[in-house]
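In case you want the letters, here they are:
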Amino acid sequence: MPIGAMIEVPSAALLVGALAREADFFSLGTNDLVQYVLAADREDESSAPDYQPLHPAMLRLIHSLAGAAHEAGRELTICGEMAGDPALSTLLVGLGLRR
């Protein structure tokens, strides 16, 4: 049975190469990853304005994560609000995501 890993925190995103030794595939959970990378909770009025999925740090991390998964020969899928936004499809493909 294939074993997957959810990538929802920065530490997991940075260690995809090492995690690939144990996981057969990855799923990028954008909602939590944005929250933890930017220290911004979209449901908290005081930090919600800072919750920006298109922040350069997020885009760089997604691109790096996609490259590391590809290099390790592991499939990377994406879920969360970013995955459900058709306007971001071209951007996500450009960052290396395919599913």
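Asker: Looking at this structure, how should I read the sheet that holds strand S3 (residues 75–79)?
Answerer: In spatial order, the strands read S1-S2-S3; together these three strands make up an open sheet with parallel pairing. With partners counted over all chains shown, the strands left at the sheet margins are strand S1 (4–7) and S3, one partner each. On average, each strand axis in the sheet is tilted by 25° relative to the strand beside it, whichever way the strands run. Note that strand S2 (residues 25–29) and S3 share five bridges and pair parallel. Across the sheet, Phe26 pairs through a bridge with Leu76, a residue of S3. Docked against the sheet, helix H3 (residues 30–38) engages S2 and S3, running at close to 65° with respect to S2.

Asker: Can you walk me through the pattern of salt bridges in this structure?
Answerer: Side chains that differ in sign of charge can pair as their charged atoms come close. For the coordinates displayed, the defined rule picks out two salt bridges. Among the ionic pairs, Glu81 bridges to Arg42, the shortest N-O distance being 2.2 Å. Of this pair, Glu81 sits in the loop between S3 and helix H5 (89–94) while Arg42 is found in the loop between H3 and helix H4 (56–71), placing the two residues 39 residues apart along the sequence. Judged by relative accessible area, Glu81 falls into the partly exposed class, the value being 47%. Salt-bridge contacts for Glu75 lead to Arg99; the nearest nitrogen and oxygen are separated by 3.0 Å. One end of the pair, Glu75, is in strand S3; the other, Arg99, is in the segment after H5, with 24 residues separating them in the sequence. Exposure remark for Glu75: the relative accessible area of 36% places this residue in the partly exposed category.

Asker: Even after reading the chapter, I still don't get the side chain of Ser27, so can you show me in this structure?
Answerer: Tracing the chain through its elements places Ser27 in strand S2. With near-sequence residues (within four places) excluded, Ser27 lies in contact with Ala5, Met6, Ile7, Leu76, Thr77 and Cys79.

Asker: Is there a simple way to think about the packing of H3 against H4 in this case?
Answerer: Helix packing for two helices is described by the angle between their axes and how far apart those axes are. Close contact between H3 and H4 brings their axes to 10 Å; oriented N to C, the two are set at 125°. In terms of orientation, H3 lies oblique with respect to H4. The way H3 lies across H4 gives a crossing that is right-handed. In this structure, H3 uses Leu33, Val34, Val37 and Leu38 to contact H4, whose residues at the interface are Ala57, Met58 and Leu61. Its residues assigned to classes, the contact of H3 with H4 comprises seven nonpolar, no polar and no charged.

Conventions and cut-offs
- Note that residues are indexed from 1 along each chain, following the sequence as it is written.
- Local features in this predicted model are restricted to residues of pLDDT 70 or higher, and side-chain atom pairs are both shown and tallied only at a pLDDT of 80 or more, whereas totals for entire chains, interfaces and linings draw on every residue.
- Derived side-chain values reflect all non-hydrogen atoms in the structure, with water molecules and hydrogen atoms excluded from consideration.
- Think of it this way: DSSP has to see at least two bridges between two strands before they count as a pair.
- Think of it this way: any DSSP run of H or I at least four residues long counts as a helix, any run of E at least two long counts as a strand, and we number them from the N terminus.
- Each axis is a line fitted through C-alpha atoms, taken for helices only over the stretch in contact, and angles between the N-to-C directions span 0 to 180 degrees.
- Should any heavy atoms of two residues lie within 4.5 Å, those residues are considered in contact.
- Between Lys or Arg on one side and Asp or Glu on the other, a salt bridge is scored when a side-chain nitrogen of the former is within 4 Å of a carboxyl oxygen of the latter.
- Residue exposure (1.4 Å probe, protein chains only): buried if accessible area is under 20% of the type maximum, exposed if over 50%, otherwise partly exposed.
- Roughly parallel means an angle under 35 degrees; roughly antiparallel means over 145; roughly perpendicular covers 65 to 115; every other angle is labelled oblique.
- By convention the crossing between two helices is left-handed if the near helix lies anticlockwise of the far one by an angle smaller than a right angle, and right-handed if it lies clockwise.
- Amino acids are sorted into nonpolar (Ala, Val, Leu, Ile, Met, Phe, Trp, Tyr, Cys and Pro), charged (Asp, Glu, Lys and Arg) and polar (every other residue, Gly among them).

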